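# Architecture at a glance
Single-letter residue listing:
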Amino acid sequence: MAMKKVLSIVAASAMAASVLAGCAAAPAAAPAAAPAAEEAKEEVAEAAEEAADEVAEAANGDLAGKKVGVCIYQFSDNFMTLFRNELESYLVAQGFDPANITIVDGKNDQGEQTNQIQNFITEGVDVLIINPVNSSSAATITDLVHDAGIPLVYINREPDAQEEARWADNNWDVTYVGCDARQSGTMQGEIIADLGLDAIDFNGNGKIDYIMIEGDPENIDAAYRTEYSVKALEDAGFEVNCLDDQVGMWQQEQGQSLVANSLAQYGNDVEVVFCNNDAMALGALQAIQAAGRVVGEDIYLVGVDALTEALEDVIAGTMTGTVFNDHISQSHSAADAAINYITGAGNEHYIGCDYVKATKDNAEDILASLQ
Ligand code: GAL
């Protein structure tokens, strides 16, 4: 019996906003906040999980003989490392033979990744899970994989609305699993807004003076987190002043050097450092400390992902907060979607999940839940 997975469907229609480094006005549109009906959502998620478990159980014997190809955009990315490790162990727990799970490193090169996809097609895998190097190459990737008759689960880097519409219009076995990055940006802004202007406005100009360190512009997460973190401050009634906005490509070293430069240029006027992810925030923290500044005393710092090290910093007060990017739920949903294709149960074309704010109040709990 066909059993469709019904996880929360967050509006997937938003087009990729253009990402230009440099201080820009926040968007006028309202952020996609977390849906209010939490309980109902949990029930739906539980039901979906149960359904996926049943499907996996029914197919268990068969899964051992099935081949999964997994393409990751870049192994050196901290968050995607957590994601792929969890994905692999969950696939094994669901009954796949470890020898039939192949995970490859795209080395941040779309040409390399496209070759890897072609090799998987030649090998005849039963399903592909792809974290594209370039989301803008999704149409080409989809065509390749669909023409070969292989179902496809995109993860982490969302293809644009036009591409997603094609899957639904043609009823193709293609889906996307990920979170809505607008929510994470909004949460970052709220973490800062909750501190109140008096605590933040060290230079007394009545504004929140910030610098923004962005991830790879190829990833919509970078654009949305940049826009919606600032928008949340404005929505809370604050005046904002962007001192600097730079692209750090999700990487710690770049976060460190960019923030060091900004601090050298803008000095004590920098009141808040927004980083699109924790890796860059950890780099930012090194620069902040090297400049003799103290988080929580004369500057604030927020990231996204809830990497262990970042949560430890939040607990210690050396980071103001982060946002949990739930690699466990996302990797499990991706594996469940792959199984649903293999068993013929099928999937919706968008499978979402929620971010969680992480501050001193709950960082210990989140850390404990990850260990
Ligand atoms: C984001 C994550 C970043 C980076 C990026 C890669 O969701 O927050 O740390 O991993 O994905 O596409």
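Bear in mind the structure is a predicted one, so any value in this text is a computation, not a measurement. (Residues numbered from 1 in each chain as written. Predicted model: local features only at pLDDT ≥ 70, side-chain atom pairs only at ≥ 80, totals over all residues. Heavy atoms only, no water.)

## Digging into the environment of N108
Counting through the fold element by element, N108 comes out in the loop between β2 (101–105) and α3 (110–123). On the basis of relative accessibility, which here comes to 31%, the residue N108 falls in the partly exposed class. Sequence spacing of N108 and N134 is 26 residues, and the spatial spacing of their C-alpha atoms is 8.5 Å. If near-sequence neighbours (up to four positions away) are discounted, N108 is found in contact with Y73, Q74, V133 and D216. (Helix = DSSP H or I, 4+ residues; strand = E, 2+ residues; numbered from the N terminus. Buried < 20%, exposed > 50% of the residue type's maximum accessible area, 1.4 Å probe, protein only. Contact = heavy atoms within 4.5 Å.)

## Details of unusual backbone geometry
The phi angle of most residues is negative, glycine excepted, and most peptide bonds adopt the trans form. Residues other than glycine seldom take positive phi values, yet N156 does so here, at roughly 65°. Relative to the elements of secondary structure, N156 occurs in the loop between β4 (152–155) and α5 (161–170). One non-glycine residue, A306, lies in positive phi territory at about 65°. In this structure, A306 sits in the loop between β9 (300–302) and α11 (308–316). Of the residues examined, A306 reaches a relative accessible area of 2% and is grouped as buried.

## With respect to the pattern of salt bridges
Under the definition given, this model contains 9 salt bridges. The partner of D216 in a salt bridge is R157, and the shortest N-O contact between them spans 3.7 Å. Residue D216 is located in the loop between β6 (207–214) and α8 (220–235), and its partner R157 is located in the loop between β4 and α5; the two are separated by 59 residues in the primary sequence. With a relative accessible area of 0%, R157 lands in the buried category. D221 serves as the salt-bridge partner of R225, at 3.4 Å between the closest nitrogen and oxygen. Separated by 4 residues within a single helix, R225 and D221 lie in helix α8, roughly one turn from each other. The same class applies to R225 as to D221, namely buried. Each member of the salt-bridge network shares a partner with another, and the members are D143, E163 and R166. (Salt bridge = Lys/Arg side-chain N within 4 Å of Asp/Glu carboxyl O.)

## Thoughts on the site of the ligand
Surveying the vicinity of the ligand reveals the residues Y73, D77, F79, N156, R157, N219, D221, R225, W250, N277, D305 and N325. One of the side-chain nitrogen or oxygen atoms of D77 is found 2.8 Å away from an oxygen atom of the ligand. At 2.8 Å from an oxygen atom of the ligand is found a side-chain nitrogen or oxygen belonging to R157. Protein chains shield 99% of the accessible area of the ligand, which is 310 Å² for the free molecule. When its residues are assigned to classes, the shell around the ligand shows 3 nonpolar, 4 polar and 5 charged. (Near = heavy atom within 4 Å. Polar contact = N/O pair within 3.5 Å; in protein donor to acceptor, adjacent residues only side chain to side chain. Areas by Shrake-Rupley, 256 points an atom, 1.4 Å probe, with all protein chains shown as cover. Nonpolar A, V, L, I, M, F, W, Y, C, P; charged D, E, K, R; others polar.)

## So, the state of the cysteines
Counted by the stated rule, this structure contains 2 disulfides. With a sulfur-sulfur separation of 2.2 Å, C179 is cross-linked through a disulfide to C353. Here the residue C179 occupies a position in the loop between β5 (174–177) and α6 (181–193), and C353 occupies one in the loop between β11 (350–351) and β12 (356–358), the gap between them amounting to 174 residues. Take C353: its relative accessible area is 8%, and that puts it in the buried class. (Disulfide = S-S within 2.5 Å.)

## A word on the sheet that holds strand β3 (residues 127–130)
On the basis of which strands lie adjacent, the open sheet formed by 6 strands has the order β2-β1-β3-β4-β5-β11 and parallel pairing. Bordering the open sheet on either side are β2 and β11, each of which pairs with just one other strand. Two strands pair when backbone bridges link them, and β4 and β5 are joined in this way by 4 bridges, in the parallel orientation. Among the inter-strand pairings, I155 is bridged to a residue of β5, identified as V177. (Pairing = 2+ DSSP bridges.)

## Here we look at the environment of I130
Mapped onto the elements of the fold, I130 is located in strand β3. Distance from I130 to I103, taken between C-alpha atoms, is 9.8 Å for residues 27 residues apart in sequence. Not counting residues up to four positions away in its chain, the partners in contact with I130 are C71, Q113, I117, I141, V145, L152, V153, Y154 and I155.

## Side note on helix α4 (residues 138–147)
Listed as buried for α4 are A138, I141, T142 and V145. In a view along the axis of α4, the buried residues occupy a sector of 100°, so they form one face of it. Summarising the geometry of α4, the exposed residues directed more than 90 degrees from the buried face are T140 and D147. Buried residues in α4 make contact with α3, β3, β4, α5 and β5. (Arc of directions from axis to C-beta.)

## Concerning the confidence of the model for the chain
In the predicted model, the chain carries a mean pLDDT of 89, and the fraction of residues at 70 or more is 84%. Low pLDDT (under 50) marks residues 1–20, which in the prediction has 55 contacts with non-local residues, meaning those over four places away or in another chain. Confidence drops under a pLDDT of 50 for residues 26–37, and excluding neighbours within four residues, the segment shows 23 contacts in the predicted structure. (pLDDT = per-residue confidence, 0-100.)

## Quick word on the side chain of N156
Taking the relative accessible area as the measure of exposure, N156 reaches 8% and is therefore buried. Excluding its chain neighbours within four sequence positions, the residues that come into contact with N156 are F79, M80, N131, Y176, V177, N219 and D221.

## Observations regarding the nonpolar core
In globular proteins that are soluble, nonpolar side chains generally tend to be buried together. Counting residues in hydrophobic clusters, the biggest one holds 59 residues, and the most contacted among them are V153, I155, V259, V273 and L301. It is helix α10 (residues 278–290) that contributes the most residues to this core, 7 residues altogether. Residues I191, Y210, Y300 and Y355 belong to the second largest nonpolar core, which totals 26 residues. (Core = buried A, V, L, I, M, F, W, Y, C linked by side-chain atoms within 4.5 Å.)

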